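Spelled out, the chains give:
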Amino acid sequence: MTLSIIAQMTVSGSLMGLVYALIAYGFQLTYATSKSVNFGQGELVMVSAFVSLTLITLGLPYWLVVLGGLFFGALLGLFVERAGVRLALEQRSEGWILLTIILGLLFFSVAENVWGRDDRPFPTPISQQPIHILAVDVTPVELSVAVGVFAIMGAIEIFKRQTLLGKAFDAVSADRDAGELMGISATQTVKLSYALSGVVAAVAGILVSPITTVGPTMASALVLKAFSVAVVAGLESGFGVVVVGMFLGALESIASFYLGSGWREAPGLVLLILALAIRPTGVFGKTLIRKV
Amino acid sequence: MLTVSDLHAGYGLSEVLAGTSLEVKAGTVVALIGANGAGKTTTMRAISGMLRPTKGQVLLDGKPVQGLPASRIARLGLAHSPEGRKVFGPLSVEDNLLLGAFRRLPRFFGFHARAARDLDRVYELFPRLRERKKQDAGTLSGGEQQMLAIGRALMAQPKVMLLDEPSMGLAPVIVQEVFRTIRRLKQEGMTMLLVEQFAKQALGVADYAYVMERGRIAIEGKPADLRRDERMLAAYLG
């Protein structure tokens, strides 16, 4: 009995953890090209989810809703890059930290005023009826999270490894100036990485909303855990975030079942503190060697 | 092919270049020599756009390019192999070379096939790079990294190539090899601006040379004439 509960908690928790992993992956994308991340990434998830919800209420078919949501996510990403990151990077300042937090707060207020403060259900054509697989109940919606996460991460990894533009990403990451000398515009590359990161946030929003509902506050809990995942796995760990994300998701769902739902946030924070104390570069991170 | 006139540039408030002028004609090799801190590398950086000139003009193939971002200037046909080589350490040797040709390859797929002939040419020039093409560039020796930096610049099929201190920090044998390569590229008709500390070797391959002192061109002329110049003998060729 307890074993089957643990199995159940592990599976549904780790599926949820994939969403944390996906948001953490968005951090990695911009970190690689610009050594900056969007601290308002959670609000991008939330606003994209709201926009998709609006498209659904307009009666658009689901595939068009997804496409529209992703497009909007890319636009938001570009907006964050233009308004919050580019100027700071050009002046080699750390101002992007504060600016992206402020943009996040701005998105939060806009969302509250446009869509209201209530959490709303997010209708989806995918069935919510659990199916029984090997003593565990899984809903097709939960499975769609896994499919969606691996599809978008897989597509972006293929882009990064198999195309010249993707290799240019790595080049800018390795040496911005040398990349420029090859004709690779660092600014354009950073822009592209923010657009991709926005797309990733939108995918996360569309995948998680049918499970959690949509509301202005959905962002804060998600992004905190995504941060833990990104830091624990390492900001240059690639697929390392998937392993850590699933682990954290499973851990928190087991913790909230046995210790009470008040303990749900505890494992993520404990992991974060442990990681920073023991291995600041991340479990899968490469130790930074700085040549002088 | 490359004409620089009255170029001023610096870092912050300190002006390093105080009106540098020079010319590189198509198909020639021009050497830029001078002591440490004379402004040779700064000249290169101001030409290629890594550093924004505060005044003056840079004409590449007749087009003014001063003030453009480095990536634009590179796409217009200037390849700068910078001081310290700056290869992409975590990327493979072959990826480094492919990225060298970024300006003229398709951005998504099919770039490898399009670059195959140029890759072969670079590998034929530097057989060592072919042996190591799958290896991370950061793991190469200094000499191999220099060959990679030159190969990467060649991949762009540039109109003008800037080579900054290709001999820096290399063993004498490797320095000879680098200069052999430069000589061979010259025979193939490459237009080059070469910055060197080794004035003798640089004069050996160059068609024309400029000597920099404190941000300005102090002496210029054909290598044969410079070799007889007393100031040159005293300061650089002694």
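Structure: above.
Rules used throughout
Residues numbered from 1 in each chain as written. Chains lettered and ligands numbered in written order. Predicted model: local features only at pLDDT ≥ 70, side-chain atom pairs only at ≥ 80, totals over all residues. Heavy atoms only, no water. Helix = DSSP H or I, 4+ residues; strand = E, 2+ residues; numbered from the N terminus. Buried < 20%, exposed > 50% of the residue type's maximum accessible area, 1.4 Å probe, protein only. Pairing = 2+ DSSP bridges. Right-handed = clockwise from strand over helix to strand, strands pointing away. Axes fitted to C-alpha atoms, helices over the stretch in contact; angles between N-to-C directions. Contact = heavy atoms within 4.5 Å.

Draft legend 1. Spatial organisation of unusual backbone geometry. Residue and element names in this part refer to chain B. Even without being a glycine, Asp6 presents a positive backbone phi close to 50°. On the secondary structure map, Asp6 appears in strand E1 (residues 2-11). Overall, the relative accessible area of 32% leaves Asp6 in the partly exposed class. Residues other than glycine seldom take positive phi values, yet Asp61 does so here, at roughly 55°. Here Asp61 falls in the partly exposed class, since its relative accessible area comes to 43%.

Draft legend 2. Up close: the pairing of strand E8 (residues 192-196) of chain B. Residue and element names in this part refer to chain B. With respect to burial, E8 is a largely interior element, 5 of its 5 residues being buried. Bridge count between strand E3 (residues 29-34) and E8: 5 bridges; the pairing is parallel. By the bridge assignment, Ile33 is partnered in E8 with Glu196. Examined bridge by bridge, strand E7 (residues 160-164) and E8 share 4 bridges and lie parallel to one another. Bridge pairing in E8 places Leu162 opposite Leu193. Crossover connection from E7 via helix H7 (residues 172-187) to parallel E8: handedness right-handed.

Draft legend 3. Expanded view of the sheet that holds strand E6 (residues 78-81) of chain B. Residue and element names in this part refer to chain B. The mixed open sheet is built from 6 strands, whose spatial order is E6-E7-E8-E3-E9-E10. The open sheet has two edge strands, E6 and strand E10 (216-221), and neither has a second partner. The mean angle between the axes of side-by-side strands here comes to 20°, regardless of whether they run parallel or antiparallel. In the packing of helix H1 (residues 40-48) onto the sheet, contacts are made with E3, E6, E7, E8 and strand E9 (208-213), and the angle to E7 comes to roughly 150°.

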